[in-house]
Amino acid sequence: MFEPAQENPYPDSHVLGEGPELHPLLAPVLPLLGRWHGRGRGEYPTLEQDFRYEQEITFSHDGRPFLRYEARAWLVDGAGAPVRPAGREAGWWRVTPEASLEVVLAHPTGIVETYTGRVSAPAPDGLEIEIGTKEVSLTPLAKEVTGTRRHYTLVGDGLTVEHDMAAVGQPLQHHLTTRLVRRA
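Residues numbered from 1 in each chain as written. Predicted model: local features only at pLDDT ≥ 70, side-chain atom pairs only at ≥ 80, totals over all residues. Heavy atoms only, no water.

Enquirer: Looking at this structure, how should I read the overall build of the protein?
Expert: Secondary structure summary: the protein contains zero helices and ten strands in total. Listed by position from the N terminus, the elements making up the protein come as β-β-β-β-β-β-β-β-β-β. For a compact globule of 184 residues, the expected C-alpha radius of gyration is about 16 Å, and the protein comes in at 17 Å, within 12% of that figure. By its C-alpha atoms, the protein is 55 × 50 × 35 Å across when sized along the principal axes. Looking at the 184 residues of the protein, the share that counts as buried comes to 37%. By sequence separation, contacts in the protein at least 24 residues apart represent 42% of the contacts at least 6 residues apart. Summed over all atoms, the accessible surface of the protein reaches about 10,800 Å², with 55% contributed by carbon and sulfur. (Helix = DSSP H or I, 4+ residues; strand = E, 2+ residues; numbered from the N terminus. Rg over C-alpha atoms; globule rule 2.2 N^0.38 Å. Buried < 20%, exposed > 50% of the residue type's maximum accessible area, 1.4 Å probe, protein only. Contact = heavy atoms within 4.5 Å. Areas by Shrake-Rupley, 256 points an atom, 1.4 Å probe, with all protein chains shown as cover.)

Enquirer: Even after reading the chapter, I still don't get the nonpolar core, so can you show me in this structure?
Expert: Side chains of nonpolar character tend, in soluble globular proteins, to be buried together. With 25 residues, the main nonpolar core has V29, W93, L101 and I129 as its most contacted residues. Breaking this core down by element, the ones donating at least two residues are β2 (51-60), β3 (66-76), β4 (82-95), β5 (100-107), β6 (111-120), β7 (126-138), β8 (145-155) and β9 (158-167). With residues near it in sequence (within four places) discarded, I129 still touches V29, L32, W93, L101, R118, V119, R150, H151 and Y152. Within the second largest apolar cluster, six residues are counted, among which are Y44, I111, A142 and M165. (Core = buried A, V, L, I, M, F, W, Y, C linked by side-chain atoms within 4.5 Å.)

Enquirer: Sorry, what's going on with the environment of K143 here?
Expert: Within the fold, K143 resides in the loop between β7 and β8. Expressed as a C-alpha distance, the spacing of K143 and T109, which sit 34 residues apart in the sequence, is 7.7 Å. The contacts of K143, once residues within four sequence positions are left out, are I111, L138, M165 and V168.

Enquirer: What should I look at first to understand the pattern of salt bridges in this one?
Expert: Where charged atoms from two side chains of opposite charge approach closely, those side chains can pair. Enumeration over the complete set of coordinates arrives at eleven salt bridges. Of the charged contacts, one joins R182 and D157 as a salt bridge, the two residues approaching to 3.0 Å between their closest N and O atoms. Here R182 is found in strand β10 (residues 173-183), whereas its partner D157 is found in the loop between β8 and β9, with 25 residues between them in sequence. A residue is classified by how much of its surface remains accessible, and R182, at 27% relative accessible area, is partly exposed. (Salt bridge = Lys/Arg side-chain N within 4 Å of Asp/Glu carboxyl O.)

In structure tokens, the structure reads:
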């Protein structure tokens, strides 16, 4: 009934210079392209104790004016041994002609966030990105999250992510800090 399908002719690439030609609108976020891995710490007033985690993030593209984003985290103990899976999210970072950002992220816990923000370049080999939620949508069983803000600082092959959150009756405040390095 159906003929065999061919391999995807438009694969994503997370390696600069490989895969499809980069869309010119991606220039402001081009340094994010790649696979990142690192460690972080988290806290929130509603949690009994702070926690440590590792995280991997991938930014890739298929030649159109957006980046595909995927992040996975897992909790680690004091010695750095894996404990269990933790946060996970996937989405899209769209760059506008004015170099502003529109970001959509979905979480398997029933949360979908839409962000807006900007890219700025503080140094020749780095950039800073600030995004804040425009809207948060929740499924009926999702934890109450009313807003988040993220600050990305990239210098060389190091990426730091600061994540603030307003949730479960708490005002917007620090939640996560992750320091990642680019993987070859």
